[in-house]
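A structural walkthrough
The chain contents come next:
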Amino acid sequence: MRFRGNKQFASAVGLVLGLLCAVEAAKVNKHKPWIETTYHGIVTENDDKVLLDPPLIALDKDAPLRYAESFEVTLTEEGEICGFRIHGQNVPFEAVVLDKSTGEGVIRAKDKLDCELQKEHTFTIQAYDCGEGPDGANMKKSHKATVHIQVNDINEYSPVFKEKSYKATVIEGKKYDSILKVEAVDADCSFQFSQICNYEIVTPDVPFTIDKDGFIKNTEKLSYGKERMYKLTVTAYDCGKNRASEDVLVKISVKPTCKPSWQGFNKRIEYEPGTGSLALFPSMHLETCDEPITSIRANIELETSHIGKGCDRDTYSEKSLHKLCGASTGTVELLPAPSSSSNWTVGLPTDNGHDSDQVFEFNGTQAIKVPDGMVTTSLKAPFTISVWMRHGPGAHEKETILCNSDKTEMNRHHYSLYVHNCRLILLLRQDPSEAENYKPAEFHWKLDQVCDKEWHHYVLNVEFPTVSLFVDGTTFEPFLVTEDYPLHASKIETQLTIGACWQDNSGHDNDTESVSEPTSGANARMAQFFRGNLAGLMIRSGKLENKKVIDCLYTCKEGLDVQLPEEVASAVKVEFNPSQSSLTVEGDDIDAFDKVMQHISYLNSRQFPTPGIRHLRISTTVKCFNEEACVTVPDAEGYVMVLQPEEPKISLSGIDHFARSAVEFESQEGVTLFPELRIVSTITREVEADTESEAAEGADDDPTVQETVVSEEIMHNLDTCEVTVVGDELDGEHESLEVDMSQLQQHGLEMSSSNLGLVVTGVNTMSNYEQVLHLIRYKNWHTEALFDRKFKLVCSELNGRYISNDFKVEVNVIHTANPVEHANNAMVQPNFINPVHHASVDLSGHNLVNAHQASVVPSAATIVIVVCVSFLVFMIILGVFRIRAAHQRTMRDQENGKENEMDWDDSALTITVNPMETYEDQHSSEEEEEEEEESEDGEEEDDITSAESESSEDEEGGEPEDQQGASRQQQLEWDDSTLTY
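All of the points below concern the structure found in this document.

Scoring rules and cut-offs
Residues numbered from 1 in each chain as written. Predicted model: local features only at pLDDT ≥ 70, side-chain atom pairs only at ≥ 80, totals over all residues. Heavy atoms only, no water. Helix = DSSP H or I, 4+ residues; strand = E, 2+ residues; numbered from the N terminus. Buried < 20%, exposed > 50% of the residue type's maximum accessible area, 1.4 Å probe, protein only. Contact = heavy atoms within 4.5 Å. Areas by Shrake-Rupley, 256 points an atom, 1.4 Å probe, with all protein chains shown as cover. Phe/Tyr/Trp six-rings, centres within 6.5 Å; stacked < 30°, edge-to-face > 60°. Lys NZ or Arg CZ within 6 Å of the ring centre and 35° of its normal. Pairing = 2+ DSSP bridges. Salt bridge = Lys/Arg side-chain N within 4 Å of Asp/Glu carboxyl O.

**Details of the overall build of the protein chain**
Summing up its helical and strand segments, the protein chain has 14 helices and 59 strands in all. Scored against the burial criterion, the 981 residues of the protein chain give a buried share of 43%. For the protein chain, the proportion of contacts with a sequence separation of at least 24, taken over those separated by at least 6, is 71%. For the protein chain, the computed accessible surface area is about 52300 Å², with 47% contributed by carbon and sulfur atoms.

Put into structure tokens, the structure is as follows:
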């Protein structure tokens, strides 16, 4: 028994020792605590409890096992959670362990939280166990977990209005959608409690209402007479139904009806040409109806698009304008005004007057050919094309402005400028060259200006392979450039056309229309017609336009101007558009703004501007303190009436009839046609004069207005003078009109000539034109068949707008025949034009030219007398040979007792004979008039009448002798008072 008892005891001891060893082994802290990686919590402001999701629990595998059998084990601290540690700066939270054995804990706020200060908090938390032994050695820490805590708001704040009070002004008799806006704010942090959900007008029985956004408007039309000011109390509620801590006062003033507008503005403003700048609004001011204005902006626009080509410009020829703007020579005008030397534009429709530029219309069926040789453009050298064009949306076909194509056969376009689908395209095919490779051939520009039905100025500078385009002075680059091979070599001549392309359509059917002029081939016709208006089409070979010239060509001669007073120059800003047809004025001072507006003026620098209406429009925007357009100012509209300028009367005067010897016509210098030409321009105007009434008795001395017509001489330029031949055209083989080219160039003028005459062009003074016209000479080196020549001179200004009178000059040729030997040695040809040194005499009202006093016959009547005398003397010679009997002369001497008075010494006379036998027929009427005027002197008729009578009997037969003698008697009478015996 004892043995068995001892044995059992030993087993129990071993078991206890094993448990003790196990417990001892359990005291080793092998594992770290474990917590979740992320926690989300909610805490209400002014509270410290945080509700976490998931709950804060830390687990440790070192936690001891609990046995419920007969053995009681004392648990050690290993495996227990001793605490939680929060990491972060100024974290207003702390973590507390509720149960060390279970690891349960909580997070709570250290102090009361304020949502308005911080809505959310984020930090990290870490759990740690109690370690080993009583001293907590070998303590283990868990990983760090992130904690997000949101602070829930409570409705602790009430709405507060932003302003202490609100003011507004309304005009009586008007219902507003919104008069003003009140606004309150709430300091709560949450959306629910910080939003203002409702506004309320506390004041009862007022004609106003307020919406949830704080906009106040009137519910009925207000009356200034009923109430001048309304005082409203307005409160606000947040979405938590908290009312505003303090209500706000709103004052709404009612004003009598006022219409903001420009006052003192005359709708019609008359502009007299030549008066400089004219103030448009000298008494104008802006009525703002006492609104608190912070800024004003006004735009003044002058409408001139209907004048000329967009505005008033000089209407000289395009070639003259280029020269005035500093363009060099070498320009060719392809659309000139029709004249004797430039007549290829005669058939084109133009504008209906000369007040503005001459514009050519192309309606899709018209085109013109430019004469050969006018343009000799080398595509290898730089050249320029410029044109004014107005074109609207057209068809999808090509519309040609300028085209140079083959006359026959190959139908190639060498270069052309055309419009296609609102694109401006330049075709430029290169001539054959050694390198047969692709080169730029078509340059495309897509422009709104091409199809907007407005005038625009286009300049293309071509310097192959680049082309630059200027439209109204602005540069545009091509958006597309296509390439092609150069043209093949060919000897086919080309045709330059405007308004269409010349092409040979053999073998092609199309619907193009042929022009009404001779064509060079049976199948040749025009195609690709242009629809629109063109003017000033120019080509300059070998020269490039520079920007200065382009701006000069485009600049308007009329526009708006302003002279800012010094006291307001800094307070108001003024800006012009490039053409000065519009200006913008900005400022914040109404008084300064009004002063600037009163100094805005219209200026037209042309001496003879285009008359008519220029519409004016003023658009105004006014802003108040809230930076909104609080005042609506209606547009002010009016117009400037440019009055008709006094039309100048250009008068040409000088010697209009003279004669020169044939030798002078055949000389190297020729005969000066206008040696004493005078060009004078005058205007006639009516002047009001005050005179006292001189009526009957009892009339008072009140002045009455009378109109007096006054003629004044003025100075202006001329741009053309044309000398044309009256009668037969000039025969270049034996006659010409010439002028000293060096003098012409010295005065900056140009000359073109044809078989019809010559034309001097260029903008210059009347004095310079006089000097040049004095130099025009007429030469004829075959004067045997010439008796006289007539010329007409016409000068004009502004491309034919003002034209002078027709000044006609008649030049007679004096033929001097050598003395001939007669059969009877009794009749010697008298020397009628004797080289004596008398002063210039007056015959038949015609003045001799001083420089030719010895050789000039002053008038046509005197020349007629000379010719008659020569003819009759010739008849006398024939009569002498026909004398049948010597006694007939004796009988006639007895019948006429005045025979001795008819005898004169004719040894010093030379008879001038005109070999033109047809002259008698041409001037028969003049001879009859002269004979009637000189029939009073009958003392010298006997001998000549008798001889003539004998001749008449043989040739005509049967005519009574006395009638025949009377007829011949009248023909032989002339004024011999100036003859020298």
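**So, unusual backbone geometry**
Residue Pro-54 is bonded to the preceding Asp-53 through a cis peptide linkage, with omega at -5 degrees. Relative to the assigned elements, Pro-54 resides in the loop between strand E2 (51-53) and strand E3 (56-57). Residue Pro-465 is bonded to the preceding Phe-464 through a cis peptide linkage, with omega at 15 degrees. Summarising the element assignment, Pro-465 is placed in the loop between strand E31 (455-463) and strand E32 (466-471). Within the chain, Asn-90 stands out as a residue other than glycine whose phi angle is a positive 55 degrees. Within the secondary structure layout, Asn-90 lies in the loop between strand E4 (81-87) and strand E5 (93-99). Of the residues examined, Asn-90 reaches a relative accessible area of 78% and is grouped as exposed. Even without being glycine, Asp-205 reaches a positive phi, approximately 55 degrees. Locating Asp-205 in the fold gives a position in the loop between strand E13 (196-201) and strand E14 (208-210).

**Structural notes on the environment of Leu-737**
Take Leu-737: it is sitting in strand E51 (residues 735-738). Each C-alpha atom, one on Leu-737 and one on Leu-673, is 9.4 Å from the other, the two residues being 64 residues apart in sequence. What Leu-737 contacts, discounting residues up to four positions off in sequence, is Leu-673, Val-723, Leu-730, Gly-757, Leu-758, Ile-776, Arg-777, Tyr-778 and Phe-791.

**Re the packing of aromatic side chains**
Under the definition given, this model contains twelve aromatic pairs. Plain terms: the ring middles of Phe-362 and Phe-530 are 6.3 Å apart, the flat faces sit at 75 degrees to each other, and that makes the pair edge-to-face. Taken together, the residues Phe-362 in strand E24 (residues 360-363) and Phe-530 in the loop between strand E37 (524-527) and strand E38 (531-541) connect sequence positions 168 residues apart. Across the pair, Phe-530 and Phe-362 agree in class, each one buried. Both rings, one in Phe-608 and one in Tyr-802, keep their centres 5.0 Å apart while their planes meet at 65 degrees; by these two values the pair is edge-to-face. One end of the pair, Phe-608, is in the loop between strand E42 (600-604) and strand E43 (612-624); the other, Tyr-802, is in strand E56 (residues 802-803), and 194 residues separate them in sequence. Accessibility assignment for this pair places Phe-608 and Tyr-802 in one class, buried. By way of ring pairs, the aromatic residues Phe-665, Tyr-778 and Phe-791 are connected into one cluster. If you follow Lys-309 out to its NZ or CZ, it ends over the ring of Trp-388, 5.1 Å from the centre.

**What to know about the sheet that holds E3**
In spatial order, the strands read E3-E6-E5; together these three strands make up an open sheet with antiparallel pairing. Pairing within the sheet leaves two strands with one partner each, and these edge strands are E3 and E5. For E3 and strand E6 (residues 104-109), the ladder comprises two bridges, and the chain directions are antiparallel. The residue bridging Leu-56 from the neighbouring strand is Gly-105, located in E6.

**Here's the deal with the pattern of salt bridges**
In total, this model carries 25 salt bridges according to the counting rule given. Residue Glu-637 pairs with Arg-617 through a salt bridge whose shortest N-O separation is 3.3 Å. Placement of Glu-637 in strand E44 (residues 636-642) and of Arg-617 in strand E43 is noted, with a sequence separation of 20 residues between them. Note on Arg-617: relative accessible area 34%, which makes it partly exposed. A salt bridge links Glu-770 to Arg-678; the nearest nitrogen and oxygen atoms lie 3.6 Å apart. Of this pair, Glu-770 sits in helix H8 (residues 766-773) while Arg-678 sits in strand E48 (residues 678-692), and the two are 92 residues apart along the sequence.

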